[in-house]
Amino acid sequence: MANETGTTMHSSVHSMWSSRLTFILAATGSAVGLGNIWKFPYITGENGGGAFVLVYLVCIALIGIPIMMAEVMLGRRGRKSPINTMRALAAAENRSSAWTMLGWLGVAAGFLILSYYSVIAGWALSYVFHTAVGTFDGQTADGVASIFQGLTDDPEKLIAWHSIFIFITMAIVAQGVKKGLERTVTYLMPILAGILVVLVVYALNNADFREGAEFLFFPDFSKISAGAVLTAMGHAFFTLSLGMGAIMIYGSYMPDNAPIGSTCIVIAVADTAVALLAGLAIFPLVFTYGLEPGQGAGLIFSTLPIAFGQMPWGSFFGTLFFLLLTLAALTSAISLIEPAVAWLVENKGLSRVRASIYSGLGIWVLGLGSVLSFNVWSDKTLSLTVKIGESVIPLVDKATFFDSIDYLTSNIMLPLGGLLMALFAGYSMSIASTKQELGLKDNAYNIWRVLVRYVTPILVLIVFLHAIGILD
Ligand code: TRP
């Protein structure tokens with residue numbers, strides 16, 4: 001056990017990161033993924049652009065960063081899987097053991113998210129091969145769109161790629177998250193950002209960059225609904241990996257003396273930069289080729305290949321891009337499954353190998369529902385309502401299985417999890433413990449405390465109440 005300095009409670013069965021830098025790398029690996037490059041552009045396109053992006057940026061700053069600090073802090077103080085961390089911290093602060101539910105909510109959210117995340121990562125994986133053999137060379141926008149359609153129409157292909165991705169995830173998690181992760185993030189993520197820059201430069205020279213940039217950065221508030229604000233807030237949680245315990249468990253492997261505040265800011269800035277670069281690469285192409293910005297989950301798969309098919313060295317850059325995107329998805333996937341695996345190891349005494357296999361299989365089965373959402377079940381929709389007293393509140397309104405799971409996790413479970421973490425850190429823990437753990441100077445500490453006690457919970461609640469139509 002590498003816990004040299006000794007903490008309040010560290011009967012941990014897990015290993016530690018070698019330094020603060022490793023924590024930054026691992027947390028950035030978790031944060032940067034499909035959320036930045038696949039999801040951010042497509043939901044921005046669906047929600048009208050600039051105003052949505054602005055709300056998202058405000059949510060990152062006012063909600064994301066303070067909750068990330070709270071989540072890392074809880075993890076480092078508890079030094080266990082999120083379920084056991086919450087149990088231990090609640091006991092240490094003389095609070096109800098019901099807080100443990102927060103850990104369970106997170107494990108459930110991680111399972112649900114990874115089930116569809118793996119299907120999309122499978123698309124990226126299949127594009128590694130498409131670009132390598134030059135499928136997109138010289139293709140028109142229509143040609144590129146029909147290649148994508150050919151993939152999503154075929155459930156067997158989708159299942160095959162989904163299975164490969166889950167298998168690789170299980171194989172890595174089985175060996176412990178430290179090995180492999182450090183190197184992937186240190187060397188490969190900067191290259192991914194580099195290719196995004198190449199794509200942005202391509203868009204500058206060969207596409208209507210101005211229209212793309214205006215769409216992203218020019219806020220038109222008439223285009224934004226309460227639902228869009230909820231989606232922007234949900235995405236701030238999703239993209240920073242907050243609200244389910246992924247960052248908590250990575251925090252639990254963080255050395256005692258590493259500063260939490262500045263570390264979280266670095267991670268949030270890097271994550272946001274990648275998302276904005278992806279948007280700047282994609283939207284100019286969307287407008288130049290007369291494509292529909294709100295076309296949905298296929299957006300990057302039907303735009304970026306056009307650029308790769310036309311630019312010099314396109315097949316090389318394309319292959320590398322989709323390979324790195326798959327790796328970015330992998331470093332995120334690992335963090336989605338880790339809380340469940342760590343709990344199985346701690347409480348059920350399973351080996352990491354078994355714990356990974358059991359969790360992976362469960363997630364694989366759930367993923368089949370998302371696979372079918374793009375073909376066989378594409379017109380089967382779900383509606384989900386909750387009844388509170390007399391009023392019936394619609395949660396999911398006629399959405400496919402894939403869209404329903406995404407909505408339920410990003411827009412409800414993650415903000416709820418984050419809200420509870422903020423409340424626990426801001427109200428249930430003593431000032432002495434949070435101050436000691438965060439190690440902030442007085443002013444910074446006071447700002448953080450006001451944010452988690454008042455600003456964050458109130459904002460999350462207002463957005464929730466608007467979205468379900470109780471406030472307007
Ligand atoms: N943040 C990752 C992305 O943007 C996805 C992710 C990894 C995640 N771990 C998470 C989302 C935990 C929510 C919670 O691709």
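(A) Structural view of the pairing of strand 1 (residues 382-388). Strand direction decides the pairing type here: strand 1 and strand 2 (residues 391-399), joined by six bridges, are antiparallel. Paired with Ile-388 across the two strands is Ser-391, which belongs to strand 2. The hairpin formed by strand 1 and strand 2 contains two residues between the paired strands, and Gly-389 there has a positive phi angle of roughly 60°.

(B) A look at the packing of helix 3 (residues 50-78) against helix 18 (residues 442-467). Where helix 3 contacts helix 18, the axes come no closer than 9 Å and their chain directions differ by 120°. The angle between the axes of helix 3 and helix 18 places the two elements in the oblique class. The crossing of helix 3 and helix 18 is left-handed. Only Trp-448, Leu-451, Val-452, Thr-456, Leu-459 and Val-460 of helix 18 make contact with helix 3, whose side of the interface consists of Leu-62, Ile-63, Pro-66, Ile-67, Met-69, Ala-70 and Met-73. The residue inventory of the contact of helix 3 with helix 18, partitioned by class, reads 12 nonpolar, one polar and no charged.

(C) Molecular detail of helix 18. If you check helix 18, its first and last C-alpha atoms are 36 Å apart, about what 26 residues at 1.5 Å a residue would give, namely 38 Å. For helix 18, the principal kink sits at Leu-451 and spans about 45°. Along helix 18, the residues that are buried comprise Tyr-445, Trp-448, Arg-449, Leu-451, Val-452, Arg-453, Thr-456, Pro-457, Val-460, Val-463 and Phe-464. Of the surrounding elements, those touching the buried residues of helix 18 are helix 3, helix 10 (226-239), helix 16 (401-428) and helix 17 (431-438). Among the residues trailing helix 18, Gly-469 stands out with phi positive, at a value near 85°.

(D) Focus on the state of the cysteines. Scanning the entire structure with this criterion turns up zero disulfides. Take Cys-59: it sits in no disulfide, and the sulfur closest to it among the cysteines is that of Cys-264, at 17 Å. Residue classification places Cys-59 among the buried positions, given a relative accessible area of 8%. Since its relative accessible area comes to 0%, Cys-264 is described here as buried.

(E) Seen up close, the nonpolar core. Of all hydrophobic cores here, the largest spans 160 residues; its most connected members are Trp-38, Trp-123, Leu-199, Phe-301 and Phe-321. For Trp-123, the residues in contact, after removing those within four places along its chain, are Trp-38, Phe-148, Leu-151, Thr-152, Leu-158, Ala-297, Phe-301 and Phe-374.

(F) Representation of the packing of aromatic side chains. Evaluation of the coordinates by the stated rule reveals 27 aromatic pairs. A ring pair is formed by Tyr-116 and Phe-402, whose centres lie 5.3 Å apart and whose planes are at 85°; its orientation type is edge-to-face. With a gap of 286 residues between them, Tyr-116 in helix 5 (residues 100-132) and Phe-402 in helix 16 connect regions that are remote in the sequence. The buried category is assigned to Tyr-116, whose relative accessible area is 0%. Taking relative accessible area as the criterion, Phe-402 reaches 2% and is therefore assigned buried.

(G) View of empty space enclosed by the protein. Under the criterion given, the structure shown has one cavity of 30 Å³ or more. Estimates place the volume of the largest cavity at around 150 Å³. The wall of the largest cavity is formed by 17 residues, among which Ser-30, Ile-113, Phe-238, Ser-241 and Leu-336 lie closest to the centre. Of all the secondary-structure elements, those providing two or more residues to the lining of the largest cavity are helix 1 (20-31), helix 2 (34-46), helix 5, helix 10 and helix 14 (314-348). When residues of the lining of the largest cavity are assigned to their parent elements, the largest contribution, three residues, is made by helix 14. When grouped by side-chain class, the residues that make up the lining of the largest cavity number 10 nonpolar, seven polar and no charged.

(H) Main features of the environment of Pro-293. You can see Pro-293 is positioned in the loop between helix 12 (260-288) and helix 13 (299-310). Relative accessible area serves as the criterion here: at 14%, Pro-293 is assigned to the buried category. Between the C-alpha atom of Pro-293 and that of Ser-383, which follows or precedes it by 90 residues, the distance is 25 Å. If near-sequence neighbours (up to four positions away) are discounted, Pro-293 is found in contact with Tyr-42, Gly-45, Glu-46, Phe-215, Phe-283, Val-286, Phe-287 and Leu-299.

Criteria and thresholds
Residues numbered from 1 in each chain as written. Predicted model: local features only at pLDDT ≥ 70, side-chain atom pairs only at ≥ 80, totals over all residues. Heavy atoms only, no water. Pairing = 2+ DSSP bridges. Helix = DSSP H or I, 4+ residues; strand = E, 2+ residues; numbered from the N terminus. Axes fitted to C-alpha atoms, helices over the stretch in contact; angles between N-to-C directions. Parallel < 35°, antiparallel > 145°, perpendicular 65-115°, else oblique. Left-handed = near helix turned anticlockwise from the far one by under 90°. Contact = heavy atoms within 4.5 Å. Nonpolar A, V, L, I, M, F, W, Y, C, P; charged D, E, K, R; others polar. Expected span 1.5 Å × (residues − 1). Bend = angle between axes of the 7 residues up to and from the residue. Buried < 20%, exposed > 50% of the residue type's maximum accessible area, 1.4 Å probe, protein only. Disulfide = S-S within 2.5 Å. Core = buried A, V, L, I, M, F, W, Y, C linked by side-chain atoms within 4.5 Å. Phe/Tyr/Trp six-rings, centres within 6.5 Å; stacked < 30°, edge-to-face > 60°. 1 Å grid on protein atoms, 1.4 Å probe; cavity = no way out; pocket = protein on both sides within 12 Å on 5 of 7 lines; lining within 4 Å. Points joined across faces, edges and corners; volume = space filled by probe spheres on them.

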